[in-house]
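The chain contents come next:
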Amino acid sequence: ATVPSHLVITKNIEIPSQDPKEIKDIINLQAGRLTPYSRDEVIIDYIRIGSFRQSYTKLLLVIVSKDVVHKQLSLLNEAGIKARRVVLSCEAIGGLIYQYLKLEIQESPFCVIHTDATVTDFGIFLKDKQIFLRSISVGASHLLHEKEKYLSRFIDELKKSFDAYHAEDIETSPTLVVFTGAVEGLKDLEVMMLDAFRMP
């Protein structure tokens, strides 16, 4: 089952421990400050990015409303499908791109810009692991039907996403951008993005 990225809260954090139990305890204490929901209304999980300074762990913290997950699982259950795990939609797409483009030999991160009808996910991946996520409230329908109004805002939001990633000092700069999703009719956008970000 996948959860749409715009329905989750993500935050890159550093935890002063490398012990999995300690990390979980610290997250449970901190998570309440990062969400407007009460602790019993949310599911909190994380993706471990790596260790640094001998005793710290970098994480991508993920917070999602239990109702969102239960709704997805209920729909699958009604269709007779049993889910084995729940992932972020951008995480699933990044994993497919990693396999399809055979990026296991690539040492630097890659970026996935996945455009849906109404939202765009901006994700950074290192190998097959998602290390950054930002949701942008501009999608393909905005860019196709009201291009003059939304195009500069879209490019600006992508730049802000790159800036936010760099400000977090998570990993090195991506060296590849993969543009996916509802991209039919947006070919000229690829040229603009190439010009804006100076990477293939």
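Computed from a predicted structure; not experimentally measured.

Cut-off values and rules
- Residues numbered from 1 in each chain as written.
- Predicted model: local features only at pLDDT ≥ 70, side-chain atom pairs only at ≥ 80, totals over all residues.
- Heavy atoms only, no water.
- Helix = DSSP H or I, 4+ residues; strand = E, 2+ residues; numbered from the N terminus.
- Rg over C-alpha atoms; globule rule 2.2 N^0.38 Å.
- Buried < 20%, exposed > 50% of the residue type's maximum accessible area, 1.4 Å probe, protein only.
- Contact = heavy atoms within 4.5 Å.
- Areas by Shrake-Rupley, 256 points an atom, 1.4 Å probe, with all protein chains shown as cover.
- Lys, Arg positive; Asp, Glu negative; His and termini not counted.
- Charge placed at Lys NZ, Arg CZ, Asp CG, Glu CD.
- Pairing = 2+ DSSP bridges.
- Axes fitted to C-alpha atoms, helices over the stretch in contact; angles between N-to-C directions.
- Disulfide = S-S within 2.5 Å.
- Phe/Tyr/Trp six-rings, centres within 6.5 Å; stacked < 30°, edge-to-face > 60°.
- Expected span 1.5 Å × (residues − 1).
- Arc of directions from axis to C-beta.

**What to know about the overall build of the chain**
Point 1. Looking only at helices and strands, the chain has six helices and nine strands in total.
Point 2. Taking 16 Å as the expected radius of gyration for a compact globule of 200 residues, we find that the chain reaches 18 Å, a close match to that expectation.
Point 3. Taking all 200 residues of the chain together, 42% fall into the buried category.
Point 4. For the chain, contacts bridging at least 24 residues in sequence account for 60% of all contacts bridging at least 6.
Point 5. Accessible surface, the chain: about 11300 Å² in total, of which carbon and sulfur atoms supply 53%.
Point 6. With 24 positive and 27 negative side-chain charges, the chain shows a spacing of 3 Å between the two charge centroids.

**Considerations on the sheet that holds strand β3 (residues 42-52)**
Point 1. Within the open sheet, the three strands sit side by side as β2-β4-β3. Their pairing is antiparallel. Each edge of the open sheet is held by one strand with a lone partner, namely β2 (8-15) and β3. On average, each strand axis in the sheet is inclined to that of its neighbour by 20°, with strand direction left out of account.
Point 2. Taken strand by strand, helix α2 (residues 66-78) contacts β3 and β4 (56-65), and its axis lies near 70° from that of β4.

**Section: the state of the cysteines**
As used here, a disulfide is simply a covalent bond connecting the sulfur atoms of two cysteines.
Point 1. Counted under the stated rule, the structure contains zero disulfides.
Point 2. The thiol of Cys90 is unpaired, and the distance to the nearest cysteine sulfur, on Cys111, comes to 8.5 Å.

**Some points on the pairing of strand β6 (residues 110-115)**
Point 1. Across the six residues of β6, six count as buried, placing the element largely inside the fold.
Point 2. Judged by which residues are buried, β6 turns out to be covered on both faces: Phe110, Val112 and His114 on one side and Cys111, Ile113 and Thr115 on the other are all buried.
Point 3. Note that β6 and strand β7 (residues 120-126) share six bridges and pair antiparallel. Its bridge partner lying in β7, Thr115 is registered against Thr120.
Point 4. Counted along the chain from β6 to the antiparallel partner β7, the turn is four residues long.

**Details of the packing of aromatic side chains**
Point 1. Scanning the entire structure with this criterion turns up four aromatic pairs.
Point 2. Ring centres of Phe110 and Phe125 lie 5.5 Å apart, and the angle between their planes is 15°; on these two criteria the pair is classed as stacked. Placement of the pair is Phe110 in strand β6 and Phe125 in strand β7, with a sequence separation of 15 residues. For the pair shown, Phe110 and Phe125 are each scored as buried.
Point 3. The structure contains a cluster of three or more aromatic residues connected by ring pairs, namely Phe122, Phe132, Phe162 and Tyr165.

**Focus on the side chain of Ser17**
Point 1. Here Ser17 is to be found in the loop between β2 and α1 (20-30).
Point 2. If near-sequence neighbours (up to four positions away) are discounted, Ser17 is found in contact with Glu22, Ile23, Ile26, Ser55, Tyr56 and Thr57.

**With respect to the sheet that holds strand β9 (residues 177-181)**
Point 1. Overall, mixed pairing links the four strands, which are arranged β8-β7-β6-β9 in an open sheet. The open sheet has two edge strands, β8 (129-136) and β9, and neither has a second partner. Mean inter-strand twist for the sheet, computed between neighbouring axes without regard to direction, equals 20°.
Point 2. Sheet topology note: the β7/β8 ladder contains seven bridges and is antiparallel. Residue pairing across strands places Phe122 opposite Arg134, the latter belonging to β8.
Point 3. In this fold helix α3 (residues 89-100) packs onto β6, β7, β8 and β9, with an angle of close to 125° to the strand it touches most, β6.
Point 4. Of the strands in this sheet, β6, β7, β8 and β9 are in contact with helix α5 (residues 147-168), which crosses β8 at around 140°.

**Things to note about α5**
Point 1. Along its 22 residues, α5 runs 31 Å from first to last C-alpha, staying within 8% of the 32 Å computed at 1.5 Å per residue.
Point 2. Turning to α5, its buried residues are Tyr150, Leu151, Phe154, Ile155, Glu157, Leu158, Ser161, Phe162 and Tyr165. Down the axis of α5, the smallest arc covering the buried residues is 155°, so these residues share one side. Structural note: α5 exposes Glu148, Lys149, Ser152, Asp163 and Ala167 on the side pointing more than 90 degrees away from its buried face.

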